[in-house]
Amino acid sequence: MQIGSESARPELTGGDEGMVYVVDDDAGVRKAIASLMRSVDLKVETFASAQDFLAYARPPVPACLVLDVRLRGVNGLAFHRDIISEGIRLPVVFITGHGDIEMSVKAMKDGATDFLAKPFRDQDILDAVSQALTKDRARLASEASHRTVRLLYDSLSMREKEVLAYVMTGLLNKQIAARMGLSEITVKVHRGQVMRKMMARSLPDLVRKAESIGVTVPISLPPT
């Protein structure tokens, strides 16, 4: 790793609220990476072991994990699979002094953002971290949007949820009314309530939101 050797650096600033976690049993590597991350105003926490990382209370902010492949007593690739199974979805940038093509391919197949062999350039790890943080911001935004849509859907009455399911099939109010045994005006009122409560700008927007949380259409549609 060539700390301070690169003049061109990606725009990573504290305003991005990015957190970089570094897990490496080499104190010198931890210190060097931490210094580099702080030089571009990123927050960083370092750990000598996988266990120390797991014990740390991670704040809900965009973050990534810089992980050494060969830690004392722990295989980094196996540890990566373990944290995924435990629901920790941080983007991972692997670093190693003993990497090979087979290992890097395996890491990328397991979802790693990048795989860097030591010694690596400052620019390489800064670019990898930038990509990883961008990926995690997108994940957090998607999860927040999903939670919001779920709350909106849960605010619907049972009748409104039923109307929504039929609306998703493309049926007209008159057709929905016939299937539900309601008047057309009643269905129209329910449909308006669904649009308002779901904060939908249009019918396609309503359908997209409903599908994003797994709302499905009726299995069968009996003839009117």
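Residues numbered from 1 in each chain as written. Predicted model: local features only at pLDDT ≥ 70, side-chain atom pairs only at ≥ 80, totals over all residues. Heavy atoms only, no water.

A word on the overall build of the protein
When you go through the protein residue by residue, the secondary structure sums to nine helices and seven strands. A buried classification covers 43% of the 224 residues belonging to the protein. Contacts in the protein between residues at least 24 apart in sequence constitute 68% of all its contacts with a sequence separation of at least 6. Here the protein has roughly 11900 Å² of accessible surface; of this, 53% comes from carbon and sulfur atoms. (Helix = DSSP H or I, 4+ residues; strand = E, 2+ residues; numbered from the N terminus. Buried < 20%, exposed > 50% of the residue type's maximum accessible area, 1.4 Å probe, protein only. Contact = heavy atoms within 4.5 Å. Areas by Shrake-Rupley, 256 points an atom, 1.4 Å probe, with all protein chains shown as cover.)

Quick word on helix α9 (residues 203-212)
Within α9 the residues assigned to the buried category are D205, L206, V207, K209 and A210. Looking at the buried positions of α9, the neighbouring elements they touch are α5 (122-154), α6 (158-167) and α8 (184-197). In the stretch just after α9, G214 is the one whose phi turns positive, near 85°.

Brief notes about the packing of aromatic side chains
Evaluation of the coordinates by the stated rule reveals seven aromatic pairs. Their ring planes at 45° and their centres at 6.2 Å tell us that Y21 and F47 sit as a pair that is tilted. With a gap of 26 residues between them, Y21 in strand β1 (residues 19-23) and F47 in strand β2 (residues 43-47) connect regions that are remote in the sequence. Across the pair, F47 and Y21 agree in class, each one buried. Taking 5.9 Å as the distance between ring centres and 65° as the angle between the ring planes, the aromatic pair formed by Y21 and Y56 counts as edge-to-face. (Phe/Tyr/Trp six-rings, centres within 6.5 Å; stacked < 30°, edge-to-face > 60°.)

With respect to the pattern of salt bridges
Evaluated as defined, the whole model comprises twelve salt bridges. Here R89 and E143 are joined by a salt bridge, their closest N and O atoms 2.7 Å apart. With R89 in the loop between α3 (76-85) and β6 (92-96) and E143 in helix α5, this pair connects stretches of sequence that are 54 residues apart. Owing to a relative accessible area of 23%, E143 belongs among the partly exposed residues under this scheme. We note a salt bridge from D124 to R121, for which the minimum N-O separation is 2.8 Å. (Salt bridge = Lys/Arg side-chain N within 4 Å of Asp/Glu carboxyl O.)

Concerning the packing of α6 against α8
Geometrically, a packed helix pair is captured by the angle between its two axes and the distance between the axes. Between α6 and α8, the least distance of the axes is 9 Å, while the angle of their chain directions is 90°. Our classification of the angle between α6 and α8 gives roughly perpendicular. Touching R159, E160, V163, L164 and V167 of α6 are H190, R191, Q193, V194 and K197, all from α8. Counted by class, the contact of α6 with α8 contains four nonpolar, two polar and four charged residues. (Axes fitted to C-alpha atoms, helices over the stretch in contact; angles between N-to-C directions. Parallel < 35°, antiparallel > 145°, perpendicular 65-115°, else oblique. Nonpolar A, V, L, I, M, F, W, Y, C, P; charged D, E, K, R; others polar.)

Section: the pairing of β2
Each regular strand shows side chains that alternate between the opposite faces of the sheet. Note: β1 against β2, five bridges, orientation parallel. Considered in β2, the bridge of V20 is made with V44. Once the chain exits β1 it traverses helix α1 (residues 27-39) before rejoining the sheet at β2, and the crossover so formed is right-handed. (Pairing = 2+ DSSP bridges. Right-handed = clockwise from strand over helix to strand, strands pointing away.)

Observations concerning α1
Between the first and last C-alpha of α1 there are 18 Å, a value that for 13 residues agrees with the 18 Å anticipated at 1.5 Å per step. Along α1, the positions that sit buried rather than exposed are V29, R30, A32, I33, A34, L36 and M37. On its buried face, α1 is in contact with β1, β2, β3 (63-68), β6 and α5. Capping of α1 at its N-terminal end is provided by D26; its side-chain oxygen lies 2.8 Å from the backbone amide nitrogen of G28. (Expected span 1.5 Å × (residues − 1). Polar contact = N/O pair within 3.5 Å; in protein donor to acceptor, adjacent residues only side chain to side chain.)

So, the sheet that holds β6
Pairing in this open sheet of five strands is parallel, and the strands run β2-β1-β3-β6-β7 from one edge to the other. Pairing within the sheet leaves two strands with one partner each, and these edge strands are β2 and β7 (114-117). The average undirected angle you get between the axes of adjacent strands in this sheet is 20°. Bridge count for β1 against β3 is five bridges, and the pairing is parallel. Residue V22 lies in a different strand from β3, and its bridge partner there is V66. Where α3 meets the sheet, it contacts β3 and β6, and its direction lies at approximately 150° from that of β3. With respect to the sheet, α5 is in contact with β1, β3, β6 and β7, its orientation differing from that of β3 by roughly 135°.

Distances and angles like these do not, on their own, reveal function.
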